[in-house]
Amino acid sequence: VDGVVPEGNLRTPTQAQQDIMDWLARLETGKIAEIQRPVIKIPLSGEPSEVARRVARYGDFSRMNNRWYAAASDSTHARLAESPEEWAHYHTMYSQLRESWPVVPYQEEIRWLSEPEREGLVVGDFGCGEALIAKAVSERHRVYSFDHVAIDQTAVACDISRVPLKDGSLDVAIFCLALMGSNFTDYLREAHRCLHLDGWLHIWEPASYFDDVGKF
């Protein structure tokens with residue numbers, strides 16, 4: 001369901017057919033299997049010893065930024081899936097840093113989506129982090145939240161270069177400081193695929209990141 005074709009020993013057509021029959025048999029029994037995804041609490045513990053341990057293991061905010069921006073999204077996704085604490089460590093530092101920012105992108109998006117004339121939009125939040133946009137405007141809009149790690153049941157854990165949405169299904173695609181990865185243009189192509197004609201693409205990045213903003 002993540003859109004990635006696996007490598008290795010794939011099921012044969014005969015085996016896949018048997019899998020389907022087994023699945024139908026399970027449905028007939030009425031048995032339901034539930035998977036409980038743990039909710040990630042941010043910020044993480046602020047105990048000095050815990051902070052020091054995490055920094056020693058994952059790095060400070062600047063070092064993590066450099067690593068995430070330089071790597072391809074599929075490798076970052078695989079690593080964070082194995083160690084979601086790294087993702088939570090990043091967002092703990094991020095939440096602390098933005099307290100001093102004169103402009104906080106996700107708050108600007110919430111303000112835009114909360115304008116009286118905007119109601120009932122279908123929104124894709126690519127690289128949603130703590131899914132704060134969805135939490136703020138879910139009563140007015142339908143928000144799909146995507147990130148490498150899902151903070152809770154309202155978000156989808158995936159590589160944002162491949163999201164589980166149909167073509168032309170979004171009114172708005174949002175990237176709030178989310179163009180992290182050497183293949184970030186793949187994210188934009190994916191957003192373009194998901195947006196309907198005349199949809200909105202909102203990108204928030206420091207202008208200093210680009211040699212020529214107009215060319216970008």
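Preceding this section is the structure that the text describes.
Computed from a predicted model, the values in this text were never measured in an experiment.

A. Just the pattern of salt bridges, in detail. Scanning all chains against the criterion turns up 14 salt bridges. For Arg11, the salt bridge identified is with Asp19, shortest N-O distance 2.9 Å. Taking the relative accessible area as the measure of exposure, Asp19 reaches 31% and is therefore partly exposed. Of the charged contacts in the structure, one is a salt bridge between Lys135 and Asp152, with a shortest N-O distance of 3.2 Å. Here Lys135, found in helix H7 (residues 132-137), pairs with Asp152, found in the loop between strand S2 (142-147) and strand S3 (155-157); they are 17 residues apart in sequence, far enough to count as distant. The class of Asp152 is buried, set by a relative accessible area of 13%.

B. The sheet that holds strand S4 (residues 170-176), seen in detail. Taking strand neighbours across the sheet as the criterion, the 5 strands line up as S3-S2-S1-S4-S5 in an open arrangement whose pairing is parallel. The sheet is open, and its two edges are formed by S3 and strand S5 (195-204), each paired on a single side. Pairs of neighbouring strands in the sheet enclose a mean axial angle of 20°, with direction left out of account. Two strands pair when backbone bridges link them, and S2 and S3 are joined in this way by 3 bridges, in the parallel orientation. Each bridged residue has a counterpart across the sheet, and for Ser145 the counterpart in S3 is Ala155. Sitting on the sheet, helix H8 (residues 184-194) touches strand S1 (122-126), S4 and S5, and the angle it makes with S5 is about 145°.

Conventions used here
Residues numbered from 1 in each chain as written. Predicted model: local features only at pLDDT ≥ 70, side-chain atom pairs only at ≥ 80, totals over all residues. Heavy atoms only, no water. Salt bridge = Lys/Arg side-chain N within 4 Å of Asp/Glu carboxyl O. Buried < 20%, exposed > 50% of the residue type's maximum accessible area, 1.4 Å probe, protein only. Helix = DSSP H or I, 4+ residues; strand = E, 2+ residues; numbered from the N terminus. Pairing = 2+ DSSP bridges. Axes fitted to C-alpha atoms, helices over the stretch in contact; angles between N-to-C directions. Contact = heavy atoms within 4.5 Å.

Any functional reading would require information beyond the geometric quantities listed.
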